[in-house]
2 protein chains.
Amino acid sequence: MSIADKVMELARRRGFFWTSAELYGGVSGFLDFGPLGKLLKRKIEEKWRYWFVLRNQDFVVEIETPIIAPYKVFEASGHVSHFTDYMVECLKCGRKFRADHVIEEQTGLSGLEGLSEEQLTSIIVEKGVKCPECGGHLGGVKKFNLLFKTAIGPYSENVGFARPEAAQGMFTTFNRVYNVTRNKLPLGIAQVGKVMRNEISPRQGPIRLREFTIMELELFYDPQEPTCPVLDRGEVLRLVPEERVAKKDLTPIEVTVDEALKRGLVACEWLAYFMVTAQKFVQDLGIPWDKQMFVAKLPHERAHYASQVYDQVVKLERWGWVEVSGHAFRTDYDLRGHMASSGEDLRVYKQLPAEVEVEEVEARPVVEAIKEDFGAEAPAVVNALKLMPGERVLEEIQSKGFFEMGKFRVYQKHVSFEKVKKVVKGRRFIPFVAEPSFGAERLVYATMEYAYREREGRTILSLPPDVAPIEAVVLPLVNRDGLPEKAMEVYNALKLRGLVVEYDDSGSIGRRYARADEIGVPLAITIDHQTMEDGTVTVRDRDTWRQVRCPISELPEVIEAYVKRREAKGALKELFQ
Amino acid sequence: MSIADKVMELARRRGFFWTSAELYGGVSGFLDFGPLGKLLKRKIEEKWRYWFVLRNQDFVVEIETPIIAPYKVFEASGHVSHFTDYMVECLKCGRKFRADHVIEEQTGLSGLEGLSEEQLTSIIVEKGVKCPECGGHLGGVKKFNLLFKTAIGPYSENVGFARPEAAQGMFTTFNRVYNVTRNKLPLGIAQVGKVMRNEISPRQGPIRLREFTIMELELFYDPQEPTCPVLDRGEVLRLVPEERVAKKDLTPIEVTVDEALKRGLVACEWLAYFMVTAQKFVQDLGIPWDKQMFVAKLPHERAHYASQVYDQVVKLERWGWVEVSGHAFRTDYDLRGHMASSGEDLRVYKQLPAEVEVEEVEARPVVEAIKEDFGAEAPAVVNALKLMPGERVLEEIQSKGFFEMGKFRVYQKHVSFEKVKKVVKGRRFIPFVAEPSFGAERLVYATMEYAYREREGRTILSLPPDVAPIEAVVLPLVNRDGLPEKAMEVYNALKLRGLVVEYDDSGSIGRRYARADEIGVPLAITIDHQTMEDGTVTVRDRDTWRQVRCPISELPEVIEAYVKRREAKGALKELFQ
């Protein structure tokens, strides 16, 4: 059996996770987390909070916005237009598939992300790609929008979507959160919560889900003050930069942050800071540094909002290098979309120490051309353009041929540019955004795979003690002589301390150790006859199977210290030397 | 300004919560939680976990199941048929309203829950109820299903719903969770997560939401062993039992659990246990015992799955007595629904100590009648009926006229009953379920309203220290003489300890205290000139404004002890004597 199969079997049998709605044959893309999986997942989320929010609480806050949001939000964000996959339908059996996946599987071609419907359809015809289920002919390739759609309230025209990312909640609340945190940049807004992506035909168990938990942070900063004060430029990143990806060479280079920034491999300091943090966080889950890397996405592979993306990937036994987080340089793309769609000015104002003369490019709407192309929406386009930074409009029109503001695409003909000199007391600007974004379920799986060990024919889940679901197990050596009562006392004391503990009195002591090792309980506390004499118990380490004796009175504190903060205190010091 | 207005104003201004999608005019029924609100909400959720899960971890586990579930789940649960409100549409302006609300507002009538579409339509005609928006005539009353509907994957016929309660996740996973927790009853399965209810026209801000966080627990037990071993029958409940509700007398009686059970006011011990726990939990949020009570729901007001329901209500200034939790006796209703719809046997087996002779009622399917009424589904009905406990089928047919198993309703003609005597070695039965279910957002609001105080013209949010969003604020008395640097040191030490702390150096010290009091920061730490001499700081209590000096070295521990566990240690002991 492969490691992946063993982990999945363990996950099902001991209650970490399994396919949802099993009673009804299961629904692919949805997972249920059982008691142990839920504890593990929560602890991974807490660890993420520690690394991304709590450590940075001077400038990062966490919020919570709804999963369902109105049509306009995802129209402004570009998801209604761009959040699509290519789908192909079998003309014989009617089944639907992701076009690129079917082509890749049957032809060995790769790098299809940039192709159009027509190009993909041609490949299907030329290469004779057939339905993977029934062998029937496939129809033309079409776009399929991955947003889960619903109606809000009793009016069916009142369309809403389940969010595919938490990020839009941070953008739509940006101005209010900026105000309540006293108008300071940099400002990080984080969110941990469910998102939904209506994948066409998800497989790969816990890896590709239609509903999953995102842990996401949008860091807003002044593009003219891009320095990240908490960044250590001496840190080393394992990167596969764009130029290597373009040559299909996926071997990483190891570079200092300083070098990566100087060589332009990473677009901004904040992105680099969160990539460094991501490496540490994932390492802290027990996934070694050399089993992780960051792979750049080529322009045509990137999400529509990003001008640079690195995927943090970890090596998994069955699925190869799998993305566990994405690091996107979203610039001002999203805020300007919401400005154009809502008509609100989301720029921030920064007072300057003194009046200064500045020279800047102004983008002036060409009203006639805009009227012709945008009709009734022309005023919204004109007003939005007036708030846009001219340099950015010029830059994007020059590089991409158009400038996107939410649902509006503005071309060269809609705008004229003029360099102006003026004396100003302050600046108004749209903040830039760097985003790290993690999927919790994949991390649960990856953490379990990396913790999986076998020893003397037994399974041990060597989870880091601070993410282990059950923190200690209490075992009476035998079920007589007052040992069960004593053990129950110890169990209750640990429970009162707020620890997650189990009491197990069934079967031989060896079997009970094995049962605890398999689910990663870091410490096993055995109550034996000596306990009744001197008030000490044995504490056994899951990974080394070594044992020490520890007074009952010290137990709650030493266990808590060990499993919550990974320091060993008292008797445990000896155990973990 | 009313207290409610003041709390809402504070919530918006300081960033607790506000209406979602404000940029786009807001969407009623959806809330955004800002930085402070999110912290408060998380701490309330953690407190719920403490009271309901952690304290009972020997028999309660927490799981996580998806928000979106397939059609079959909610067909089996009865939500497709029964989870509806009555809606009425204005024939002039086209707006849609909840029929009972419009009638109540315009006629003063109440207790409309049990009426049919036709009866409500008659009242509208007779009483001349008009559109509350434009005064136009109203059309006929119709049922509106409150499930948010979507499609899973690319096939539009593959209907899915966003769950309106977490409970179905516990029922569909019951057999697996029962297995992985080693086949023991009682078993509590808890879940904290988002649910969606597509209300027709929600108002009342944070009180009636279309998307909210449910904190729910399904306690499965053997109906023949209904004893709750952790229940203290001497505890007192404040109840408005059904007979009072029926007479529209909502004054509570105070009864011991023992009496409530003996008089049949509460249906089972487990329900009573969670009601007692609910009282303590809500009290622990700062809502006094005498501002809470449990109001019984009359049969026609109850959810379709419940044979007894008590709403725990708390007194709010504007909205009167508002439900913060529901306590439902769900019996075997849900599991038998899923048995009938899935064809799986979800009964549990209990070995008896010795063979015994039992006499029981068997429900025998009348196959011909079932074929006639259920057509192609007859085999499913016959098979399901064979697994049902005969006593229950008989009981419900006698009391309600039918027996419901998921989507199937079986009447007298479909079943015959026979008393049989047999010798058995074990029993197979469907567990009964008692359910406490809380809404987190309402508790956030209620907690804030009860914490709201005014003193000397200033606002103080006297939140219990262990739910206060910010745990301490660090203030340099003046911005010179090295005080800011020292204060930053103290701030960083508290941050490293994992505390949620703020640093504030702007404005007078009085103003900074006021700012902290308003958001409920329990402790303010001031660094002054004496700090530079002897290493002590002042610690100020939010509620009494008393101050004591405390050595910096003790701070992290004493603050943590105080805000996490509400014990005062060291210098704080003096402060809170």
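Residues numbered from 1 in each chain as written. Chains lettered and ligands numbered in written order. Predicted model: local features only at pLDDT ≥ 70, side-chain atom pairs only at ≥ 80, totals over all residues. Heavy atoms only, no water.

### Re the overall build of chain A
So, step 1. Within chain A, the secondary structure is distributed over 21 helices and 28 strands.
So, step 2. Once the C-alpha set of chain A is aligned to its principal axes, its extents read approximately 95 × 70 × 55 Å.
So, step 3. Scored against the burial criterion, the 577 residues of chain A give a buried share of 58%.
So, step 4. Sequence separation of at least 24 residues holds for 69% of the intrachain contacts in chain A that already meet a minimum separation of 6.
So, step 5. Here chain A has roughly 22900 Å² of accessible surface; of this, 48% comes from carbon and sulfur atoms. (Helix = DSSP H or I, 4+ residues; strand = E, 2+ residues; numbered from the N terminus. Buried < 20%, exposed > 50% of the residue type's maximum accessible area, 1.4 Å probe, protein only. Contact = heavy atoms within 4.5 Å. Areas by Shrake-Rupley, 256 points an atom, 1.4 Å probe, with all protein chains shown as cover.)

### Quick notes on the interface of chain B and chain A
So, step 1. Across the boundary between the two partners, chain B contributes 85 residues, which contact 85 residues of chain A.
So, step 2. Buried surface at the junction of chain B and chain A, summed over both partners, amounts to about 6800 Å²; 55% is from carbon and sulfur atoms.
So, step 3. Of all residues in chain B, Leu23, Tyr24 and Glu64 of chain B give up the largest surface area on contact with chain A, accounting jointly for 13% of the area buried on that side.
So, step 4. Summed over the shared surface of chain B and chain A, the result is 18 salt bridges.
So, step 5. The residue Glu46 of chain A makes a salt bridge to Arg42 of chain B at a minimum N-O spacing of 2.7 Å.
So, step 6. Counting every contact that joins chain B to chain A gives 40 residue pairs in polar contact (both at pLDDT 80 or more).
So, step 7. In terms of residue count, the dominant contributor to the side of chain B that touches chain A is helix H2 (residues 35-53) of chain B (six residues).
So, step 8. Of the residues that constitute the side of chain B that touches chain A, the class distribution is 34 nonpolar, 19 polar and 32 charged. (Buried area = accessible area lost by both parts, 1.4 Å probe. Salt bridge = Lys/Arg side-chain N within 4 Å of Asp/Glu carboxyl O. Polar contact = N/O pair within 3.5 Å; in protein donor to acceptor, adjacent residues only side chain to side chain. Nonpolar A, V, L, I, M, F, W, Y, C, P; charged D, E, K, R; others polar.)

### A look at the domain arrangement of chain A
All names here are of chain A.
So, step 1. Looking at the assigned domains, one finds that chain A contains domain 1 (3-82 + 146-332 + 435-440), domain 2 (84-145), domain 3 (357-427) and domain 4 (470-575).
So, step 2. Between the C-alpha centres of domain 1 and domain 2 there is a distance of 28 Å.
So, step 3. The partner domain 2 presents 14 residues to the 15 residues of domain 1 that form the contact.
So, step 4. Where domain 1 abuts domain 2, roughly 1200 Å² becomes buried across the two surfaces, and 45% of that area is made up of carbon and sulfur atoms.
So, step 5. Contact with domain 2 buries surface across domain 1, with Leu146, Ile200 and His300 losing the most and accounting together for 46% of the total.
So, step 6. Taken together, domain 1 and domain 2 are joined by one salt bridge. (Domains from an automatic or database assignment.)

### Comments concerning the packing of helix H2 (residues 35-53) of chain A against H2 of chain B
So, step 1. Two numbers describe how H2 of chain A lies on H2 of chain B: the axes approach to 16 Å, and their chain directions differ by 150°. Classified by the interaxial angle, the pair formed by H2 of chain A and H2 of chain B is roughly antiparallel. Crossing hand, H2 of chain A versus H2 of chain B: left-handed. Two secondary-structure elements touch here, H2 of chain A through Lys38, Arg42, Glu46 and Arg49 of chain A and H2 of chain B through Lys38, Arg42, Glu46 and Arg49 of chain B.
So, step 2. For the contact of H2 of chain A with H2 of chain B, the class distribution of residues is no nonpolar, no polar and eight charged. (Axes fitted to C-alpha atoms, helices over the stretch in contact; angles between N-to-C directions. Parallel < 35°, antiparallel > 145°, perpendicular 65-115°, else oblique. Left-handed = near helix turned anticlockwise from the far one by under 90°.)

### Considerations on the relation of the copies chain B and chain A
So, step 1. Each copy of the sequence occupies a distinct position, and chain B is placed on chain A by a rotation of 180° and an axial shift of 0.0 Å, giving an RMSD of 0.0 Å. Both copies of the chain, as the preceding transformation shows, are related through a two-fold rotation axis. When C-alpha distances to the rotation axis are compared across chain B, the minimum falls at Thr150 of chain B, with a value of 2.6 Å. (Least-squares fit on C-alpha atoms with pLDDT ≥ 70 in both.)

### Digging into the sheet that holds strand E5 (residues 84-89) of chain B
Residue and element names in this part refer to chain B.
So, step 1. Strand order across the open sheet formed by three strands is E6-E5-E7, with antiparallel pairing between neighbours. Of all strands in the sheet, those bounded by a partner on one side alone are strand E6 (96-98) and strand E7 (142-145). Taken pair by pair, the neighbouring strands of this sheet meet at an average axis angle of 50°, ignoring direction.
So, step 2. Two strands pair when backbone bridges link them, and E5 and E7 are joined in this way by four bridges, in the antiparallel orientation. Bridge pairing links Tyr86 to Lys143 in E7.
So, step 3. Along the sheet, helix H5 (residues 99-107) contacts E5 and E6; its crossing angle with E6, the most-contacted strand, is approximately 75°. (Pairing = 2+ DSSP bridges.)

### Thoughts on the packing of aromatic side chains
So, step 1. Scanning the entire structure with this criterion turns up 46 aromatic pairs over all chains.
So, step 2. Ring geometry for Phe402 of chain B and Tyr411 of chain B: centres 6.0 Å apart, planes at 55°, overall tilted.
So, step 3. The class for Phe402 of chain B is buried, based on a relative accessible area of 16%.
So, step 4. Feature note: the residues Trp48, Phe52, Phe59, Trp270, Tyr273, Phe274, Phe281 and Phe438 of chain A constitute an aromatic cluster, connected by ring pairs.
So, step 5. Above the face of the Trp545 of chain A ring, Arg458 of chain A is positioned so that its terminal group lies 4.6 Å from the ring centre.
So, step 6. Lying over the aromatic face of Tyr513 of chain A, Arg540 of chain A brings its terminal NZ or CZ to 4.1 Å of the ring centre. (Phe/Tyr/Trp six-rings, centres within 6.5 Å; stacked < 30°, edge-to-face > 60°. Lys NZ or Arg CZ within 6 Å of the ring centre and 35° of its normal.)

### Regarding unusual backbone geometry
Residues and elements named next belong to chain A.
So, step 1. In this chain, Leu185 is followed by Pro186 through a cis amide linkage whose omega measures -5°.
So, step 2. Within the element layout of this structure, Pro186 appears in the loop between helix H8 (174-180) and strand E10 (187-196).
So, step 3. Positive phi outside glycine occurs at Asn183, with the angle close to 55°.
So, step 4. The residue Asn183 is located in the loop between H8 and E10 in this model.

### So, the environment of Leu115 of chain A
Residue and element names in this part refer to chain A.
So, step 1. With respect to the helices and strands, Leu115 occurs in the loop between helix H5 (99-107) and helix H6 (117-127).
So, step 2. Residue classification places Leu115 among the partly exposed residues on the basis of a relative accessible area of 23%.
So, step 3. When the C-alpha atoms of Leu115 and Ile287 are compared, they prove to be 35 Å apart, with 172 residues separating the residues in sequence.

### Overview of the side chain of Arg442 of chain A
Residues and elements named next belong to chain A.
So, step 1. Of note, Arg442 is situated in helix H16 (residues 440-451).
So, step 2. Here Arg442 is buried and forms no salt bridge, its nearest opposite-charge partner Glu323 lying at an N-O distance of 4.4 Å.
So, step 3. Within the local environment of Arg442, its side chain forms a polar contact with the backbone oxygen of Ile207, the two atoms lying 2.6 Å apart.
So, step 4. In this structure Arg442 touches Pro206, Ile207, Arg208, Val322, Glu323 and Val324, once residues within four positions along its chain are discounted. (Lys, Arg positive; Asp, Glu negative; His and termini not counted.)

### Topic: the pattern of salt bridges
So, step 1. Tallied over the entire structure, the rule returns 128 salt bridges over all chains.
So, step 2. Measuring nitrogen to oxygen at the nearest pair gives 3.3 Å for the salt bridge that ties Arg182 of chain A to Asp504 of chain B. Here the residue Arg182 of chain A occupies a position in the loop between H8 and E10, and Asp504 of chain B occupies one in the loop between strand E25 (501-503) and helix H18 (509-518), the pair thus bridging two chains.
So, step 3. Between Arg233 of chain B and Glu269 of chain B there is a salt bridge, and its shortest N-O distance comes to 2.6 Å. On the criterion of sequence distance, the pair formed by Arg233 of chain B in the loop between strand E11 (211-221) and strand E12 (236-240) and Glu269 of chain B in helix H11 (residues 269-284) is long-range, its members being 36 residues apart.

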